[in-house]
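The chain contents come next:
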Amino acid sequence: MAPAIATGSHTDAIPFSGKYDGVVGVLGAIEAINALNRTGFKPRRSLEVIMFTSEEPTRFGISCLGSRLLAGLPNMKSSLERVVDKDNISFPDAAAIAGYEFALETLLEVPLKEDTYAAFVELHIEQGPILEEEGIAIGIVTAIAAPASLKVDFRGDGGHAGAVLMPSRNDAGLAAAELALAVEKHVLETQSADTVGTTGVLELYPGAVNSIPSAAHIEIDIRDIDEQRRNSVIQHIKVSASEIATRRHVHLDFQIVTQDPPAASSQKIVKAIESASQQLGLTSKHMISRAYHDSLFMARVSPMGMIFIPCYRGYSHRPDEFASREDLSNGIKVLALSLLALSSDL
């Protein structure tokens, strides 16, 4: 049997987010295949829909967990043995609470076999403003930027906010704040618009207004289409963290949680999306995805491509995330025609 054509995305979300990120690519995939069925189309390759779990790293700090496992990334078992969430619940315990009883060893059976899929196509909102601002209907992704995730902990002695004099303090909170500013500094030093850095989590302990923070936890996201440049930024951040810890007399724990390479789209899939857009009379534009997606990891086991549609003001990961009915329809139609072309070819 010829390798199948797959499409899909994820349905999990970060807290206080919208309802289009990921979901469009799952429900849109189902509707695209239903539309092909309604025409009586008979594919020469099977068409499959995948709904990935845990694309967002919110709970355990590991992004795209489902697609990472399908792609057979090394060290996933050991990573999942170590991780805990903010309530100190481990991944195996969380799985058991959700009703899944399994040993971590079974994850070794998850990776896809070679040539399972001849193509993977993901429909997604852009999560940025370019398509809407330029009045373009379809974004054709040519590459996905390389993401990295860091966790940093500083520990000091803490103490009473009034009784401990300034020269005697080793304030973990100020160390974290200083590192957050260093992240911005090192990203801007690249002088590249493609390099971005975000300190999205900053937690202080004990979290009282009259207590010097004795511990601080921050999580940092660094992305770039140039893997070497991104890695250089990470190294600069690590050096700064060490220098800050030494100067402020706090203990440092610096962890690189993930550090993934970029992925290029398949030219065959890019051309299929271009052709579908042209058939429908829709404007299109080649784009780089600076957000990561499950496609980033599916690219390791299958030719990959992505279709972007506009979203309101580029808003995403916020409650007012929105895509119009017309844009949703356009994206699903382009996906359906792309699947038709890719599944007709042996």
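Position numbers for residues count from 1 along each chain, tracking the sequence in the order it is written. Given that the model is predicted, a residue must reach a pLDDT of at least 70 before its local features are reported, and side-chain atom pairs must reach 80 or more before they are shown or counted; all residues, however, enter totals for whole chains, interfaces and linings. Hydrogens and water are ignored here; the side-chain numbers use all heavy atoms of the structure.

Colleague: What is the right way to look at the pattern of salt bridges in this model?
Modeller: Where side chains of opposite charge bring their charged atoms close, a pairing between them can arise. In what follows, salt bridge is the name for a side-chain nitrogen of Lys or Arg lying within 4 Å of a carboxyl oxygen of Asp or Glu. Taken as a whole and assessed by the stated rule, the structure comprises 17 salt bridges. Salt-bridge contacts for D260 lead to R300; the nearest nitrogen and oxygen are separated by 4.0 Å. Of this pair, D260 sits in the loop between β10 (251-259) and β11 (263-264) while R300 sits in the loop between α9 (295-298) and β13 (304-309), placing them 40 residues apart in sequence. Classification of D260 as buried rests on a relative accessible area of 5%. Residue classification places R300 among the partly exposed residues on the basis of a relative accessible area of 39%. Note that D320 is salt-bridged to R318, the shortest N-O span being 2.7 Å. Look at D320 and you get partly exposed, because its relative accessible area is 33%. Members of the salt-bridge network, linked through shared partners, are E178, E243, R247 and R248. Per the convention used, a helix needs a DSSP run of H or I reaching at least four residues, while a strand needs a run of E reaching at least two, with both numbered from the N terminus. The rule is simple: take the accessible area with a 1.4 Å probe, protein chains only, and divide by the maximum for that residue type; under 20% is buried, over 50% is exposed, in between is partly exposed.

Colleague: I keep staring at the packing of aromatic side chains and nothing clicks. Help me out?
Modeller: Centre-to-centre distance and the angle between the planes together describe a pair of aromatic rings. Here is the rule: rings of Phe, Tyr and Trp (six-membered ring for Trp) pair when centre to centre is within 6.5 Å. Planes less than 30 degrees apart are stacked, more than 60 are edge-to-face, and the remainder are tilted. Going through the model one piece at a time under the given rule, you end up with four aromatic pairs. Ring centres of Y20 and F322 lie 5.7 Å apart, and the angle between their planes is 75 degrees; on these two criteria the pair is classed as edge-to-face. Taken together, the residues Y20 in the loop between β1 (4-10) and α1 (23-38) and F322 in the loop between β13 and α10 (325-344) connect sequence positions 302 residues apart. Take Y20: its relative accessible area is 14%, and that puts it in the buried class. Considering the side-chain rings of F52 and F120, the 5.8 Å spacing of their centres and the 80 degrees angle between planes classify their relative orientation as edge-to-face. Linking F52 in strand β2 (residues 47-52) with F120 in strand β3 (residues 117-125), this pair joins segments that are 68 residues apart in sequence.

Colleague: Please clarify how helix α8 (residues 267-279) should be interpreted in this entry.
Modeller: Since one α-helical turn is 3.6 residues long, residues separated by three or four positions face the same way. Helix length check: α8 (13 residues) gives 18 Å between terminal C-alpha atoms against 18 Å at 1.5 Å per residue, within 8%. Within the sequence span of α8, burial applies to I269, V270, A272, I273, A276 and S277. Looking down the long axis of α8, one finds its buried residues gathered within 160 degrees of arc, a one-sided arrangement. Of the exposed residues in α8, those oriented more than 90 degrees away from the buried face are K271, Q278 and Q279. Helices are assigned an expected span. That span is 1.5 Å times one less than the residue count. By construction, the arc corresponds to the directions joining the helix axis to the C-beta atoms.

Colleague: So what exactly am I meant to see when it comes to the UniProt feature "domain: Peptidase M20 dimerisation" (unreviewed entry) in the protein here?
Modeller: UniProt positions are given in the numbering used here, feature names are shortened, and annotations may be inferred rather than shown by experiment. Here, UniProt's "domain: Peptidase M20 dimerisation" (unreviewed entry) annotation points to residues 148-241. Taken as a whole, residues 148-241 contains 35% helix and 34% strand, while its terminal C-alpha atoms sit 16 Å from one another.

Colleague: Honestly, the environment of R230 in this entry has me stumped. Any pointers?
Modeller: Within the secondary structure layout, R230 lies in helix α7 (residues 227-248). R230 sits 85 residues away from A145 along the chain, and the two C-alpha atoms are 9.8 Å apart. In this description, contact between two residues means that some pair of their heavy atoms is separated by no more than 4.5 Å. If sequence neighbours within four positions are ignored, R230 has contacts with A146, P147, A148, I222, R223, D224, Q259 and D260.

Colleague: I keep staring at the domain arrangement of the protein and nothing clicks. Help me out?
Modeller: One frequently used descriptor of interface size is the decrease in accessible area upon assembly of the parts. As annotated, the domain borders come from an automatic or database domain assignment. Domain assignment breaks the protein into domain 1 (4-72 + 110-145 + 262-344) and domain 2 (147-259). Relative to domain 2, the C-alpha centre of domain 1 lies at a distance of 34 Å. Contacts between domain 1 and domain 2 engage eleven residues on the former and twelve residues on the latter. Carbon and sulfur atoms supply 60% of the area buried between domain 1 and domain 2, which totals about 940 Å² over both sides. Buried surface area refers to the total accessible area, computed with a probe of radius 1.4 Å, that the two partners give up upon joining, counted for both partners together. In terms of surface lost to domain 2, no three residues of domain 1 exceed A145, P262 and R290, which account for 48% of the buried area on that side. One salt bridge connects R290 with D194, and the closest N-O pair in it is separated by 2.2 Å. Distance and chemistry together define a polar contact, namely a pair of N or O atoms within 3.5 Å, with one atom able to donate a hydrogen and the other to accept it when in protein, and with adjacent residues in sequence counting only for side-chain atoms on both sides. Applying the counting criterion to the domain 1 and domain 2 interface returns two residue pairs in polar contact (both at pLDDT 80 or more).

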